[in-house]
Amino acid sequence: MSLALSEPPAYLDRLNPEQRAAVLHGSGPLLVIAGAGSGKTNTLAHRVAHLIVGGADPRRVLLMTFSRRAAAEMTGRVARIAAAVMGDKGRSLTEGLTWAGTFHAVGARLLREHAAEIGLDPGFTILDRDDSADLMQFCRHQLGLGRGEKRFPAKGTCLAIYSRAVNARTGLEPALAESFPWCAGWAAELKALFAAYVEAKQAGNMLDYDDLLLYWAEMGTEPDLAAALQARFDHVLIDEYQDTNRLQAAILAALKPDGRGVTVVGDDAQSIYAFRAAEI
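Parameters at a glance
Residues numbered from 1 in each chain as written. Predicted model: local features only at pLDDT ≥ 70, side-chain atom pairs only at ≥ 80, totals over all residues. Heavy atoms only, no water. Helix = DSSP H or I, 4+ residues; strand = E, 2+ residues; numbered from the N terminus. Buried < 20%, exposed > 50% of the residue type's maximum accessible area, 1.4 Å probe, protein only. Contact = heavy atoms within 4.5 Å. Areas by Shrake-Rupley, 256 points an atom, 1.4 Å probe, with all protein chains shown as cover. Lys, Arg positive; Asp, Glu negative; His and termini not counted. Charge placed at Lys NZ, Arg CZ, Asp CG, Glu CD. Pairing = 2+ DSSP bridges. Axes fitted to C-alpha atoms, helices over the stretch in contact; angles between N-to-C directions. Core = buried A, V, L, I, M, F, W, Y, C linked by side-chain atoms within 4.5 Å. Phe/Tyr/Trp six-rings, centres within 6.5 Å; stacked < 30°, edge-to-face > 60°. Lys NZ or Arg CZ within 6 Å of the ring centre and 35° of its normal. Salt bridge = Lys/Arg side-chain N within 4 Å of Asp/Glu carboxyl O.

Caption draft 1: Region of the structure containing the overall build of the protein. Each helix and strand in the protein was counted, giving twelve helices and seven strands. Taken along its principal axes, the extent of the C-alpha atoms in the protein is 70 × 40 × 30 Å. For the protein, with 280 residues in total, the buried portion stands at 47%. Here the analysis covers contacts within the protein between residues at least 6 apart in sequence; of these, 71% occur between residues at least 24 apart. When the accessible area of the protein is evaluated, it comes to approximately 13,400 Å², of which 52% is carbon and sulfur surface. Both charge centroids of the protein, one from 29 positive and one from 33 negative side chains, sit 3 Å from each other.

Caption draft 2: Fine view of the environment of K191. Residue placement: K191 occurs in helix α9 (residues 187-203). Look at K191 and you get partly exposed, because its relative accessible area is 45%. Sequence spacing of K191 and E173 is 18 residues, and the spatial spacing of their C-alpha atoms is 9.6 Å. Residues within four places of K191 in sequence aside, it is in contact with L172 and E173.

Caption draft 3: Expanded view of the environment of Q19. Looking at where Q19 falls in the secondary structure, it is placed in helix α1 (residues 17-23). Sequence-wise, Q19 and K40 are 21 residues apart; in three dimensions their C-alpha atoms are separated by 8.0 Å.

Caption draft 4: The environment of A71, seen in detail. Among the structural elements, A71 can be located in helix α3 (residues 68-86). A residue is classified by how much of its surface remains accessible, and A71, at 6% relative accessible area, is buried. Those residues in contact with A71, other than ones at most four positions away along the chain, are T65, A100 and G101.

Caption draft 5: Summary view of the sheet that holds strand β3 (residues 100-102). With parallel pairing, the five strands of this open sheet are ordered in space as β1-β7-β6-β2-β3. Only two strands of the sheet have a single partner each, and these edge strands are β1 (30-33) and β3. Here the average twist between neighbouring strands, direction ignored, is 15°. Here strand β6 (residues 235-238) runs beside strand β7 (residues 262-266); their pairing, made up of three bridges, is parallel. Its bridge partner being in β7, L237 is matched across the sheet by T263. Set on the sheet, helix α5 (residues 103-113) makes contact with β2 (61-65), β3 and β6; between it and β3 the angle comes to about 110°.

Caption draft 6: Geometry of the nonpolar core. Ranked by size, the top nonpolar core spans 52 residues in total, and within it L190, L193, F194 and W216 carry the most contacts. Excluding residues that lie within four positions of it along the chain, L193 makes contacts with M136, C139, R140, L143, L145, F152 and C158. Counting residues in each nonpolar core, the second largest holds 23 residues, with V48, V61, V78 and V265 among its members.

Caption draft 7: Quick peek at the packing of aromatic side chains. Counted according to the given criterion, the structure contains seven aromatic pairs. Ring centres of F66 and F103 lie 5.8 Å apart, and the angle between their planes is 45°; this geometry places the pair in the tilted category. Taken as a pair, F66 in the loop between β2 and α3 and F103 in helix α5 lie far apart in primary sequence, 37 residues in all. Of the two residues, F66 and F103, neither departs from the other in class, the shared state being buried. Between F180 and W182, the ring centres sit 5.6 Å apart and the planes meet at 65°, which makes this aromatic pair edge-to-face. Judged by its relative accessible area of 12%, F180 is buried. Given the relative accessible area of 61%, W182 is considered exposed. R109 extends its terminal NZ or CZ atom over the ring of W99, reaching a point 3.5 Å from the ring centre.

Caption draft 8: Inspection of the pattern of salt bridges at higher detail. Applying the stated criterion to the full structure yields eleven salt bridges. When the shortest N-O distance is used, the salt bridge between R232 and E113 registers 2.7 Å. Here R232 is found in helix α11 (residues 223-232), whereas its partner E113 is found in helix α5, with 119 residues between them in sequence. Among the residues examined, R232 registers a relative accessible area of 26% and is labelled partly exposed. By relative accessible area, which is 40% here, E113 ends up partly exposed. A salt bridge links R169 to E218; its shortest N-O distance comes to 3.7 Å. With a gap of 49 residues between them, R169 in the loop between α7 (155-167) and α8 (172-179) and E218 in helix α10 (residues 209-219) connect regions that are remote in the sequence. The class of R169 is partly exposed, set by a relative accessible area of 42%. Classification of E218 by relative accessible area gives partly exposed; the value is 38%. Salt bridges sharing common partners tie together K201, D208 and D211.

What follows is the structure in structure tokens.
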């Protein structure tokens, strides 16, 4: 582990040696695994602040976590740390930390910016989970599913199966076998339902939460778009990394193929997004 300075700056005195080492780590990839209450998020905030104090352009820093509230709290911490070191200048600099939010929020912003390049109308509507479930139910009804003697999976279950297959980057059958074995007998009908659901979204210029990640990941497979996204951010930092899934991991890999500038922190015992195919 390389350190940016021979002696840690005074504003890092409140951190323990392991936390300071993480904050002062060089530009290579950094994975921090630590338990609950160990100060992971505080360490990540200090690392962001340290980058900015050291001259990093905050507009080229991407900071992601799993809730808007957590992202706001993180940027607030960074601002307080930077202000303690640099005064008003530090607080002003952190106002440039505009790429801070959830994976889905960042994805939505990037998709609107690059919509024309990927064949999307930039005015697309984003469906929340309830809206998505209702649209799934509409398609379910249109196809006449659930009218037989055997009860067809409810709309929430159908959406969960669809989301699992998308986020785990697997086919329908593996998703059913692994997580929804009691629905395996409906594979053919579910395929037809999901096709209708996708068609309805496209016809209405609508994206669900899974699409925000799926389209973002697909952007990373297009050489020109991938190069533009890679050049956009010098640093990518992710809190609660244990809750990422394969789709999010693919996004990160496309953003920083060599891992330079990447910092992720997490605790395998605190994963709460298994329903979104999170894989520790």
